[in-house]
Amino acid sequence: MKSLVERDRACLWHPYTQMLTAPPPLPIVRAQGVYLYTEDGRRILDGISSWWVNIHGHSHPKLNQALAAQASELEQVLFAGCTHRPAIELAERLLAILPSGLTRIFYSDDGSTAVEVALKLAFEYWRNRGEPQRRTFVTLRHAYHGDTVGSMSASEDSVFTRPFAGLLFPVVRAHAPYCYRCPLGLRRETCRIDCLGDLETKLREHAGSVAAVLVEPMLQGAGGMIVWPSEFLAGTRRLCDQYGTLLIADEVLTGFGRTGRMFACEHASVRPDLVCISKGLTAGYLPMGATAATEALYEAFLSDDRGKTFFHGHSYTANPLACAVGLASLDLFRENGVLDRVQRLETQLRAGLEPLRRFGDVRVIGGVGVIELESSEPGYLDSIGPRLYRAFLDRGLLLRPMGNILYFMPPYVISDTEVEWALQQIDEVLKDELSVNHLRAL
Ligand code: PLP
């Protein structure tokens, strides 16, 4: 009989892999807690929460049970003209924990569509309010907001977006607070968040024509795992108010405790006009996105003029199975003191990664530990990434460095001993792989 890998090779096309040089996919047959189990009998620690989605561990009995119970009641129904209890309850509970001022939930399918919805809502909001000239989006350098055309447009010009450049709409890009590679050549210890000045300049230059500023609060993910000083986030809100524009927080990665707070905006007590969530929303079980909006935004669409309706919807909008798992996941947050667990994880990561500063910049926020390795070819295509990936996998640890950006982002249920073990693997692999030859090449 053919193995899963052989059968996969004959019919599948995976995201982000170079077809000729990519290692074979891992044939996963089951997963439990923080571990993935392969067809050929390996046990691998999921050190990246299966692309940042898993929070309570794989195949959690309570989530499994919520899913099964919902499946036997109502598995799916269209959400245009219908409603159901799981969608209502999840919206009520999300609005109770999201930053205050948000009163409406618009469901979609994943992180990219949550961002796409926010962009379209902001765009149409100004049109409905009779200010159609407000159509420009301001985003940040190193941003990553997804792979659909709108979310790619808002993202940094990078390997992810370059082949599609001709397809994308123009945006205005302002400096990100990337302290390790400060765009102004300053040092965090002495700077006054001067990089915010670029956002202000851009807002002034485009005054009256900006629809919204879109940011990944506190942690820019795929663009380099860049951890922010919270002052930058507070300053962004201040500037949006000053220039009368909307603030969209893309919390697709940061939401649901990843940065140590339920939502990253809490680090600066910021109240955005729109918030995009996904990933941890269903604890990594089912694809679902949501965009939360203020009542002012919602009201701009309330009209007898059908031309002002928000014409956006997906077949699986507010899928009841996903909503039911989302609700059960929120229960687990309460029952298991999950946010306290993430804070302990942060302390352990800070202590454990500090000695690795000799390899580059160490950044930690909540349950995310990052080492930006010194490199002569920094960026996603740095060849150190695939080498480290293989070396970690040989030791039973799934990490997927983005070029020279190595990060560890496990499900929160990981034990202290498992964190210790993972940190030891990181230390040993870096010692082996970043040999004298590599360092000499820098
Ligand atoms: N926004 C952010 C901040 C993300 O990190 C991602 C994915 O990593 C997305 C949007 C896109 O989410 P998805 O891959 O679910 O479409």
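As the structure is a computational prediction, the values presented were derived from the model and not from experiment.

Engineer: Whenever I open this one, the sheet that holds strand E15 (residues 397-398) confuses me. Can you help?
Structural biologist: Through backbone hydrogen bonds, the strands of a sheet pair up, either in parallel or in antiparallel fashion. Sheet architecture is open: 4 strands sit in the order E1-E2-E3-E15, paired in mixed fashion. With partners counted over all chains shown, the strands left at the sheet margins are strand E1 (28-32) and E15, one partner each. Bridge count between strand E3 (residues 43-46) and E15: 2 bridges; the pairing is parallel. Counterpart to Asp-46 in the pairing with E15 is Leu-398.

Engineer: Would you take a moment to explain the domain arrangement of the protein for this structure?
Structural biologist: How large an interface is tends to be reported as the accessible area lost when its parts come together. Annotation of the protein at the domain level lists domain 1 (4-59 + 337-441) and domain 2 (65-335). In this structure, domain 1 and domain 2 have C-alpha centres spaced 26 Å apart. Between domain 1 and domain 2, the residue contacts involve 36 residues of the former and 35 residues of the latter. For the interface between domain 1 and domain 2, the tally reads 1 salt bridge. A salt bridge links Arg-181 to Glu-372; the shortest N-O distance between them is 2.7 Å. Of the residues contributing to the side of domain 1 that touches domain 2, the split by class is 21 nonpolar, 10 polar and 5 charged.

Engineer: Sorry, what's going on with the site of the ligand here?
Structural biologist: Contacts to the ligand come from Trp-52, Asp-110, Gly-111, Ser-112, Tyr-144, His-145, Gly-146, Glu-216, Asp-250, Val-252, Leu-253 and Lys-279. A distance of 2.9 Å is found between an oxygen atom of the ligand and a backbone nitrogen or oxygen belonging to Gly-111. Asp-250 places a polar side-chain atom, nitrogen or oxygen, 2.7 Å from a nitrogen atom of the ligand. A total of 390 Å² of accessible area belongs to the ligand in isolation, and the protein chains cover 84% of it. The class makeup of the residues in the shell around the ligand is 4 nonpolar, 4 polar and 4 charged.

About the cut-offs
Residues numbered from 1 in each chain as written. Predicted model: local features only at pLDDT ≥ 70, side-chain atom pairs only at ≥ 80, totals over all residues. Heavy atoms only, no water. Pairing = 2+ DSSP bridges. Helix = DSSP H or I, 4+ residues; strand = E, 2+ residues; numbered from the N terminus. Domains from an automatic or database assignment. Contact = heavy atoms within 4.5 Å. Salt bridge = Lys/Arg side-chain N within 4 Å of Asp/Glu carboxyl O. Nonpolar A, V, L, I, M, F, W, Y, C, P; charged D, E, K, R; others polar. Near = heavy atom within 4 Å. Polar contact = N/O pair within 3.5 Å; in protein donor to acceptor, adjacent residues only side chain to side chain. Areas by Shrake-Rupley, 256 points an atom, 1.4 Å probe, with all protein chains shown as cover.

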